[in-house]
Amino acid sequence: MAGLEEHYSAQDIETRILAALRTAGLDPSRRLSPEALGALDHFHTGGLRASRELLELVPVRASDRVLDIGAGLGGPARLLASGSGCRVACLDMSADYCAAAALLNRLTGLDDRVEVHEGSALNLPFADASFDVVWMQNVGMNIADKRRLYGEIRRVLAPGGVFAFQEMAAGNAPVCRFPLPWATHPADSFLVSVDDMRQLLRACGLVEERLEDTSEEHLARTAANATPAPPGQLSLAAYVDDLGRKAANARLGLEAGELRLVRGVFRAQPREGGR
Ligand SMILES: C[S@@+](CC[C@H](N)C(=O)[O-])C[C@H]1O[C@@H](n2cnc3c(N)ncnc32)[C@H](O)[C@@H]1O
């Protein structure tokens, strides 16, 4: 196993997650609330709070068909499904993360509305125009071929459908501190500037409704020397190695301006009659 595959692997992840839940005082034999898992299963900058804020920009309806690309353990997908009653398809390349997502779907009683697919964001195993909302948080940084990624997103979105995302973009200088939460080595990190991201999205037929840099807001709201979660509290550390160093490097990159945290809402061109 090498590179990104290794970065996003976690041996015995289901056992580790069950142990972390019990240590945190949660009983996996009882139905768990998706929100109670937020510190464990929202693997992106800003965690559960950032997912809620993105959701405020894109109200999801019960009838919407939603795809979460690079869904990880499925925390954002369960937030969407439990909040609105919609159905969500999770797609991720990591077999370990897919297994953990399926486990957490069962433990939250959401396995009838959140499904898990192992696969590539560059070759989505879904028909054209099959989703009303495509969701993606902290995934594009791993993908070199962004034109193909955005092309695939545009392909599976129904006309008028929405692409909502959060991403790290390139800042004023190459990011130099590794490991980062999304890449152990520079060879697995593919950042583009916010302007290039906008141009690429536009070229793929996605129309901008919002594209904003939330870096300063994020830095102001989070502590510079945040200590790792104390033992006994749920944390990504249950399955992410070296979390403290990765998170600290991401923060230093943001503070130095080498990284920019961006959030976007784009829409697939509607046909007559629109969404
Ligand atoms: C930082 S995690 C974010 C997980 C999830 N979006 C969240 O916010 O909780 C990045 C995820 O993207 C997935 N990923 C990266 N490149 C991918 C690709 N080309 N196809 C599918 N999944 C990919 C990884 O396996 C990992 O689960």
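Now for a look at the structure at hand. (Residues numbered from 1 in each chain as written. Predicted model: local features only at pLDDT ≥ 70, side-chain atom pairs only at ≥ 80, totals over all residues.)

### Quick notes on the site of the ligand
- Contacts to the ligand come from 23 residues, most closely from His 44, Gly 70, Gly 72, Met 93 and Ala 121.
- Grouping the amino acids of the shell around the ligand by side-chain chemistry returns 12 nonpolar, 10 polar and one charged. (Near = placed C-beta within 6 Å. Nonpolar A, V, L, I, M, F, W, Y, C, P; charged D, E, K, R; others polar.)

### Considering the packing of helix H2 (residues 13-23) against helix H6 (residues 95-107)
- The interhelical angle for the contact between H2 and H6, taken along N-to-C directions, is 45°, at an axis separation of 9 Å. Between H2 and H6, the interaxial angle falls into the category oblique. Two packed elements cross with a definite hand, and for H2 against H6 that hand is right-handed. Between H2 and H6, the residues in contact are Ile 13, Glu 14 and Ile 17 and Asp 96, Ala 99, Ala 100 and Leu 103, respectively.
- Across the contact of H2 with H6, the residue classes tally to five nonpolar, no polar and two charged. (Axes fitted to C-alpha atoms, helices over the stretch in contact; angles between N-to-C directions. Helix = DSSP H or I, 4+ residues; strand = E, 2+ residues; numbered from the N terminus. Parallel < 35°, antiparallel > 145°, perpendicular 65-115°, else oblique. Left-handed = near helix turned anticlockwise from the far one by under 90°. Contact = placed C-beta atoms within 7 Å.)

### Describing H6
- Over its 13 residues, H6 runs 19 Å from end to end, which matches the ideal 18 Å to within 8%, given 1.5 Å per residue.
- For H6, the set of buried residues is Asp 96, Tyr 97, Cys 98, Ala 100, Ala 101, Leu 103, Leu 104, Asn 105 and Leu 107.
- Those residues of H6 hidden inside the fold are in contact with H2, helix H3 (38-41), helix H5 (75-84), strand S2 (87-92) and strand S3 (114-118).
- Just beyond H6, the residue with positive phi is Gly 109, at close to 70°. (Expected span 1.5 Å × (residues − 1). Buried ≥ 20, exposed ≤ 12 C-beta atoms within 10 Å, placed from the backbone.)

### Digging into the environment of Gly 74
- Its place among the elements puts Gly 74 in the loop between strand S1 (65-69) and H5.
- Owing to 31 C-beta atoms within 10 Å, Gly 74 belongs among the buried residues under this scheme.
- The spatial distance from the C-alpha of Gly 74 to the C-alpha of Ala 237 is 16 Å, given a sequence separation of 163 residues.
- Dropping the residues within four chain positions of it, Gly 74 is found in contact with Asp 41, Cys 90, Ala 101, Leu 104, Asn 105, Val 114 and Val 116.

### Brief notes about the sheet that holds strand S5 (residues 157-170)
- The strand order across the open sheet built from seven strands is S3-S2-S1-S4-S5-S7-S6, with neighbouring strands paired in mixed fashion. Edge positions in the open sheet fall to S3 and strand S6 (206-213), since each of these has one partner strand only. Strand-to-strand twist across the sheet, computed as the mean angle between neighbouring axes with direction ignored, equals 15°.
- The sheet contact formed by S2 and S3 spans five bridges and is parallel. (Pairing = 2+ DSSP bridges.)

### Side note on unusual backbone geometry
- With an omega dihedral of 5°, the bond running from Phe 178 to Pro 179 counts as a cis peptide bond.
- Tracing the backbone shows Pro 179 in the loop between S5 and helix H8 (194-203).
- Its identity as a non-glycine residue notwithstanding, Asn 138 has a phi of 55°, on the positive side.
- You can see Asn 138 is positioned in the loop between strand S4 (131-137) and helix H7 (146-156).
- Here Asn 138 falls in the buried class, since 22 other C-beta atoms lie within 10 Å of it.
- Phi is positive for Asp 242, which is not a glycine, with a value near 60°.
- Tracing the sequence through the fold places Asp 242 in the loop between helix H9 (215-221) and helix H10 (243-255).
- The exposure class of Asp 242 is exposed, given the 12 C-beta atoms found within 10 Å.

### Describing the environment of Leu 37
- Structurally, Leu 37 is set in the loop between H2 and H3.
- For Leu 37, a count of 25 C-beta atoms within 10 Å gives the class buried.
- Expressed as a C-alpha distance, the spacing of Leu 37 and Leu 48, which sit 11 residues apart in the sequence, is 9.2 Å.

### Here we look at the environment of Asp 128
- Along the polypeptide, Asp 128 turns up in the loop between S3 and S4.
- The exposure class of Asp 128 is exposed, given the 10 C-beta atoms found within 10 Å.
- Through-space distance from the C-alpha of Asp 128 to that of Leu 157 is 7.0 Å; in sequence the pair is 29 residues apart.
- For Asp 128, the contacting residues outside a window of four places in its chain are Arg 155 and Val 156.

### Let's talk about helix H4 (residues 47-57)
- Here H4 has its buried residues at Ala 50, Ser 51 and Leu 54. Axial view of H4: buried residues confined to an arc of 100°, hence all on one face.
- Along its buried surface, H4 packs onto H5, S4, S5 and strand S7 (259-268). (Arc of directions from axis to C-beta.)

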